[in-house]
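Listed below are the residues making up each chain.
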Amino acid sequence: MLTLKAMLRFFEMVSRLKMNFHKSKMVGIETSNSWVSRFTKVLNCQIMTIPFTYLGMSVAANYKF
């Protein structure tokens, strides 16, 4: 996770675009809540839960086709 954060910081320096980690959210899939909370502390972002909406569409764990 520290490597990912370093890569994102490098992207910021190269592209001169600013990553807003306070607005970013992370969701864990097949992962324990303790791991997700550790990662969110490293990246300084929020925890998101399933189901959630993305661009106005609902994203859920179990869709039946």
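Residues numbered from 1 in each chain as written. Predicted model: local features only at pLDDT ≥ 70, side-chain atom pairs only at ≥ 80, totals over all residues. Heavy atoms only, no water.

Visitor: Looking at this model, I keep getting lost on the overall build of the protein chain. Mind explaining?
Guide: The number of helices and strands found in the protein chain is two helices and four strands. Written out in order from the N terminus, the α and β elements of the protein chain read α-β-α-β-β-β. Based on the C-alpha atoms only, the size of the protein chain along its principal axes is roughly 45 × 30 × 20 Å. A total of about 5800 Å² of accessible surface is found on the protein chain, and carbon and sulfur atoms cover 62% of it. (Helix = DSSP H or I, 4+ residues; strand = E, 2+ residues; numbered from the N terminus. Areas by Shrake-Rupley, 256 points an atom, 1.4 Å probe, with all protein chains shown as cover.)

Visitor: Where do I start with a nonpolar patch on the surface in this structure?
Guide: Taken together, the side chains of F10, M13 and V14 present a nonpolar region at the surface, about 370 Å² in accessible area. Tracing the sequence through the fold places V14 in helix α1 (residues 2-15). (Patch = residues over 30% accessible without salt bridge, like charges linked within 9 Å, V, L, I, M, F, W, Y side chains within 5 Å. Salt bridge = Lys/Arg side-chain N within 4 Å of Asp/Glu carboxyl O.)

Visitor: Got a minute to help me understand the pattern of salt bridges in this structure?
Guide: Where charged atoms from two side chains of opposite charge approach closely, those side chains can pair. The full count for this structure, using the stated rule, is one salt bridge. Between E12 and R9 there is a salt bridge whose closest N-O contact spans 3.2 Å. Separated by three residues within a single helix, E12 and R9 lie in helix α1, roughly one turn from each other.

Visitor: Would you mind going over the side chain of E12 with me for this structure?
Guide: On the basis of relative accessibility, which here comes to 13%, the residue E12 falls in the buried class. For E12, the contacting residues outside a window of four places in its chain are L17, K18, M19 and F21. (Buried < 20%, exposed > 50% of the residue type's maximum accessible area, 1.4 Å probe, protein only. Contact = heavy atoms within 4.5 Å.)

Visitor: What's the story with the environment of L17 in this structure? I'm lost.
Guide: The residue L17 is located in the loop between α1 and β1 (25-26) in this model. The contacts of L17, once residues within four sequence positions are left out, are F11 and E12.

Visitor: Can you help me understand the packing of aromatic side chains in this one?
Guide: Ring pairs (aromatic) are described by centroid distance and by the angle formed between their planes. In the structure shown here, the tally under the stated rule is one aromatic pair. Ring geometry for W35 against F39: centres 5.8 Å apart, planes inclined by 45°, an arrangement best described as tilted. Of the two residues, W35 and F39 are both situated in helix α2 (residues 33-43); the distance of four residues between them amounts to about one turn of the helix. Taking the ring centre of W35 as reference, the NZ or CZ of R38 above it sits at 4.9 Å. (Phe/Tyr/Trp six-rings, centres within 6.5 Å; stacked < 30°, edge-to-face > 60°. Lys NZ or Arg CZ within 6 Å of the ring centre and 35° of its normal.)

Visitor: Help me understand the environment of Y54, please; the structure alone is not making it clear to me.
Guide: Note on placement: Y54 falls in strand β3 (residues 52-54). A relative accessible area of 54% places Y54 in the exposed class. When the C-alpha positions of Y54 and K41 are compared, they lie 23 Å apart, and in sequence the two are 13 residues distant.

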